[in-house]
Amino acid sequence: MPDTHDKPPGFETLAVRAGQQRTAESEHSEPIFPTSSYVFESAAAAAARFAGDEPGNIYSRFTNPTVRTFEQRLAALEGGERCVATASGMAAIYATCAGLLQSGDHIVSSRSIFGSTTLLFNNYLGKFGIETTFVGQDDLAGWEQAIRPETRLLFLETPSNPLTEVADIAALAELAHANDCLLAVDNCFCTPALQQPLALGADIVIHSATKYLDGQGRCVGGAVVGREDVVGEGVYGFLRTCGPTMSPFNAWVFLKGLETLSIRMRAHCAAAQQLADWLQEQRGVSRVYYPGLESHPQHTLAARQQSGFGGIVAFEVEGGQAAAWKLIDATRICSITANLGDTKTTITHPATTTHGRLTPEQRDESGISDGLIRVAVGLETIDDICADLAHGL
Ligand SMILES: *Cc1c(COP(=O)(O)O)cnc(C)c1O
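Residues numbered from 1 in each chain as written. Predicted model: local features only at pLDDT ≥ 70, side-chain atom pairs only at ≥ 80, totals over all residues. Heavy atoms only, no water.

All chains considered together, the criterion is met by seven aromatic pairs. Aromatic pair Phe40 and Phe50: ring centres 6.0 Å apart, planes at 65°, arrangement edge-to-face. Here Phe40 is found in the loop between helix H1 (11-17) and helix H2 (43-51), whereas its partner Phe50 is found in helix H2, with 10 residues between them in sequence. According to the relative accessible area criterion, Phe40 is partly exposed, its value standing at 23%. (Phe/Tyr/Trp six-rings, centres within 6.5 Å; stacked < 30°, edge-to-face > 60°. Helix = DSSP H or I, 4+ residues; strand = E, 2+ residues; numbered from the N terminus. Buried < 20%, exposed > 50% of the residue type's maximum accessible area, 1.4 Å probe, protein only.)

Here it is in structure tokens:
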């Protein structure tokens, strides 16, 4: 922890300095340790390390100094005791479930989650006897009704993708704890710069570091943050044995990304708010989804729970898929890609890409219309992005 005399360090100080342990080379910037294993002073020292009697590095599947710096920095930013870095966001979700659950356990999950997470729950956890019930993100009674005696985990993302529905983390944490369950929150859209789920009562925070933690679309990675007895035992134990490990190079990119997280997130929020306000005024746009708009159904909750409204804006154009594709194809700056959390603005047609594997009925139920477009607002001049979108409207 950075030494700030007698007061606790602020968020930005932690983002720049937490987790760094300078080596004998006196380097200023954090080093990368691309080594698979470590050398012991003697056979007895090796035995003591392996037995866990002496702390220290053993093998980079589960101990690497660069990865540890990233883990300690993200843990400090989320206000968690322990962080485990993983090879991807999906590996973080899988490691959480495989490390903490067993056959016969049950998950209650929001229906509005990342598509691959739905497939992981249904196709892979289901295969090992872990069943999932999906409920509406903002339907508190529905969450309560879905809980069974064998339910162990409640899972959600807030704001959701792509419709930016906001879940009440404190209320769902209370519900989870009243039923002996853990609450896991995928904090990908907000990052700890805008929302700290652990402080609101969640037990586990999950990240796709691929998105805003990197922030420049370079590396794939993930992380799980929470208490030592949850993340340090179950999740770390799974990682150590099963091996979905983050590489030291990727950890270095992510830990440097954390240093600018706060200013980047604030710039993404300001630009997204401007875009959402502008879109509301445009003819041909029938609806805009952004938690920063007063018309958003959970605007008040978002204002209370988040310190910014995020960088993702979704909107519906009149004329269905043809109109949506025409708008997307008319852009020259926006990148047509499904990724998000990049300095470059990205534009996506969810109904035929990220949500294309759902049936038309499932899409209707999730509110993904054929005219819906998602924009992950980057850091370009926002007037240029508005002008780019105006071309196809
Ligand atoms: C991208 C994403 C994931 C999966 O992360 P990967 O790094 O692509 O494996 C999980 N949750 C959300 C909300 C995401 O956007």
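Segmenting the chain into domains produces domain 1 (11-259) and domain 2 (262-392). The distance between the C-alpha centroids of domain 1 and domain 2 comes to 27 Å. Contacts between the two partners involve 32 residues from domain 1, matched on the other side by 36 residues from domain 2. Of the roughly 2900 Å² buried between domain 1 and domain 2 on both sides combined, carbon and sulfur atoms contribute 55%. Ranking the residues of domain 1 by area buried against domain 2 places Leu163, Leu194 and Tyr212 at the top, with a combined share of 26%. (Domains from an automatic or database assignment. Contact = heavy atoms within 4.5 Å. Buried area = accessible area lost by both parts, 1.4 Å probe.)

Our next topic: the sheet that holds strand E11 (residues 346-348). Ordered by their spatial adjacency, five strands build an open sheet running E8-E9-E12-E11-E10, and the pairing between neighbours is mixed. Looking along the sheet, the strands with just one partner apiece sit at the ends: strand E8 (285-289) and strand E10 (335-336). As paired elements, E11 and strand E12 (residues 372-376) share three bridges and run antiparallel to each other. Counted as the bridge partner of Ile347 is Val375 from E12. (Pairing = 2+ DSSP bridges.)

A few words on the pairing of E12. E12 sits mainly inside the fold: five of its five residues count as buried. Here E12 shows two buried faces, one formed by Leu372, Arg374 and Ala376 and the other by Ile373 and Val375. Where strand E9 (residues 312-317) and E12 come together, five bridges link them in antiparallel fashion. By the bridge assignment for E12, Val313 is matched with Val375.

Take the site of the ligand next. Ser88, Gly89, Met90, Phe114, Glu157, Asp186, Cys188, Ser208, Thr210, Lys211 and Gly221 make up every residue found near the ligand. A distance of 2.9 Å separates an oxygen atom of the ligand from a polar side-chain atom of Ser208. Protein burial of the ligand: of its 380 Å² of free accessible surface, 90% is covered by the chains. By residue class, the composition of the shell around the ligand is three nonpolar, five polar and three charged. (Near = heavy atom within 4 Å. Polar contact = N/O pair within 3.5 Å; in protein donor to acceptor, adjacent residues only side chain to side chain. Areas by Shrake-Rupley, 256 points an atom, 1.4 Å probe, with all protein chains shown as cover. Nonpolar A, V, L, I, M, F, W, Y, C, P; charged D, E, K, R; others polar.)

Let us now look at the nonpolar core. With 37 residues, the main nonpolar core has Phe70, Leu74, Leu213, Val225, Leu258 and Leu261 as its most contacted residues. Breaking this core down by element, the ones donating at least two residues are H1, helix H3 (65-78), strand E1 (82-86), helix H8 (191-194), strand E7 (222-226), helix H10 (248-259) and helix H11 (261-280). Broken down by element, the residue count for this core peaks at six residues, all from H3. Each of domain 1 (11-259) and domain 2 (262-392) contributes no fewer than three residues to this core. Within the second largest apolar cluster, 28 residues are counted, among which are Val166, Val288, Phe309 and Val377. (Core = buried A, V, L, I, M, F, W, Y, C linked by side-chain atoms within 4.5 Å.)

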